[in-house]
Amino acid sequence: MLCAGCSRKAIYGLWSDLKTLSAEDLEAELDRLDGHLAAALANKLANKLERPTAPKRKGKAKKSVVMPKDDLPATRIAFELTNIHGLSEAQAITALSQALLHNGVSASKLPDDKGQRLADWLEALLDHVPGSVVMDAALKAAR
Amino acid sequence: MRMTTVVAAVMNLKGGVGKTTLCGNIARALADREAKKILIMDLDSQCNLSQLFFPPEEIDRRSKRSVYQCFDSRQFLKEPPYPADICLNVFNNDKGSRVDFICGSAETFGLAITVPGGLLPQAAQQHFNDFMRKARESYDIVMFDTNPSATFTTLCALEASNFLIAPITMDVFSLRGIHLITRTLCRKFPWLNNAKQVRILANRIPRSPSAPEAERLRRDENTIRQLYPDLSPSIMVSRIHESKMLWHKAPHGKFVIDREVHAFHRHRLLKIKEDFDQAARELLLSMKDAFGDADGNSQNSLDALRRLFAQGDLRPVV
């Protein structure tokens, strides 16, 4: 432990001082220094606490968005609506339906949304409406 | 009543975005998806697509039955050939789909550097237009693989086309190539202004990107949409992912997705096949959206009437 914390010269100096002492003398000396050592340590700690330190760098708070594993059209559109723009599945279906109707997509092409998961609804929708049209409407709806 | 023949130019003024690879394999996927008669024409004088079906020496030998014959009007009063005279059947399936291919020719390079406007180019263009009239009668979809510059043959292709399939790699440069086409050439070809007739297909997207990489891709796509808002509705959701399967040429006479591979690699081939299948579904719907089919047309007209009634622009006469 001493070797790790002190220089070679300091250890040699310590040995030179100690080698002349008998065991009793050493015991007496340690008893005497006990109070001093405690005070010195407390002093050092206080100094360390008071010393001004450089402010810690704060990284940008990044949104932890987990991207979808597969890159299929329905998954990407669903991800854009729910994860990026924070819509619930029902809200996403409603908003997207309205945007598509507004863009002139025929109502007959929109699948029935009763109790369907968003991904399934989108998959059914993409059989009738081009994905590019759906994605464009989704981005506008989410804005 | 069938859908208007879609004549699609696969084009981007930036090179290396995957025009040739996508042109061949998308045609194959379109034929797989629906019963369609499809003709592919290799208008690139480098004949890269032709090398998928023929060895190089065969391409030179086929000069008399190549795409050059569609332009060659040197013999006056010579009728352009029928597609059946010069094409090669490269795919058939049980549904009744058929893909025919017209081989490219190095001789089209001479045409490619021709300055339009002269008598000979005018005659060549007329010859090509006459050929295309015959092709429209025989096929549901005609696809051109073009070279990455606005040369004479490419301009002839755009003149005959009514649909643009533009591959991009996900960067601003390749979208700039399409922006140049739609902004600069739209005066000559006004149909390029219609977003329904332009489809942009992202190619070489990483298959399993890390989370930051996927986030970057999403950001890049959004940036592109903001930079070119008029092209935004044309960007396809389907994507073609990067795959080593597409690097290697298939044996002559086969599309890449028909390759026979070791069982260990079969899942990769299936994934690529799924990519092309998704793209074909989206393209077919886009084509129907742009040109309508028998049912689509009547449905669209009814919907348009319903909207006018709803907006109060049209009132029933009592």
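Keep in mind that this is a model prediction, so the values were computed, not measured. (Residues numbered from 1 in each chain as written. Chains lettered and ligands numbered in written order. Predicted model: local features only at pLDDT ≥ 70, side-chain atom pairs only at ≥ 80, totals over all residues. Heavy atoms only, no water.)

Undergrad: I keep staring at the pattern of salt bridges and nothing clicks. Help me out?
TA: Side chains bearing opposite charge may pair, as long as their charged atoms lie close to each other. Inspection of the entire model under this criterion finds 24 salt bridges over all chains. A salt bridge links Asp 127 of chain A to Arg 281 of chain B; the shortest N-O distance between them is 2.8 Å. Of this pair, Asp 127 of chain A sits in the loop between α6 (118-125) and α7 (131-142) while Arg 281 of chain B sits in helix α9 (residues 266-291), which puts the two residues in different chains. Across the pair Arg 133 of chain B and Asp 130 of chain B runs a salt bridge whose closest N-O atoms are separated by 3.0 Å. Of the two residues, Arg 133 of chain B and Asp 130 of chain B are both situated in helix α5 (residues 119-138); the distance of 3 residues between them amounts to about one turn of the helix. The structure contains a network of salt bridges with shared partners spanning Asp 71 and Arg 76 of chain A together with Glu 221, Arg 225 and Arg 239 of chain B. (Salt bridge = Lys/Arg side-chain N within 4 Å of Asp/Glu carboxyl O. Helix = DSSP H or I, 4+ residues; strand = E, 2+ residues; numbered from the N terminus.)

Undergrad: Explanation requested: empty space enclosed by the protein in the structure shown.
TA: Remark: the empty space left among the atoms is shown by a probe the size of a water molecule rolled over them. All names here are of chain B. Under the defined criterion, the tally for this structure stands at 1 cavity of 30 Å³ or more. Computed from the structure, the largest cavity encloses a volume of approximately 40 Å³. Take the lining of the largest cavity: its biggest share by element is 3 residues, from α9. Looking at the lining of the largest cavity, its residues break down into 2 nonpolar, 3 polar and 2 charged. (1 Å grid on protein atoms, 1.4 Å probe; cavity = no way out; pocket = protein on both sides within 12 Å on 5 of 7 lines; lining within 4 Å. Points joined across faces, edges and corners; volume = space filled by probe spheres on them. Nonpolar A, V, L, I, M, F, W, Y, C, P; charged D, E, K, R; others polar.)

Undergrad: What's the story with a negative patch on the surface in this structure? I'm lost.
TA: A contiguous patch of negative charge on the surface is contributed by Glu 24, Asp 25, Glu 27, Asp 31 and Asp 34 of chain A. Take Asp 25 of chain A: it is sitting in helix α3 (residues 23-50). (Patch = residues over 30% accessible without salt bridge, like charges linked within 9 Å, V, L, I, M, F, W, Y side chains within 5 Å. Areas by Shrake-Rupley, 256 points an atom, 1.4 Å probe, with all protein chains shown as cover. Lys, Arg positive; Asp, Glu negative; His and termini not counted. Charge placed at Lys NZ, Arg CZ, Asp CG, Glu CD.)

Undergrad: What exactly am I supposed to notice about the sheet that holds strand β8 (residues 235-241) of chain B here?
TA: Residues and elements named next belong to chain B. Read from one edge of the open sheet, 8 strands run β3-β4-β2-β5-β1-β6-β7-β8, paired in mixed fashion. Two strands close off the open sheet at either side, each with one partner strand: β3 (88-92) and β8. Geometrically, the sheet is characterised by an average inter-axis angle of 25° between neighbouring strands, direction not taken into account. (Pairing = 2+ DSSP bridges. Axes fitted to C-alpha atoms, helices over the stretch in contact; angles between N-to-C directions.)

Undergrad: Please explain the pairing of β3 of chain B as it appears in this structure.
TA: Residue and element names in this part refer to chain B. Bridge count for β3 against strand β4 (residues 98-102) is 4 bridges, and the pairing is antiparallel. Residue Asn 92 lies in a different strand from β4, and its bridge partner there is Arg 98. If you look at the hairpin formed by β3 and β4, you'll find 5 residues sitting between the two strands, and Gly 96 has a positive phi there, around 100°.

These values are about where atoms sit, not about what they do.
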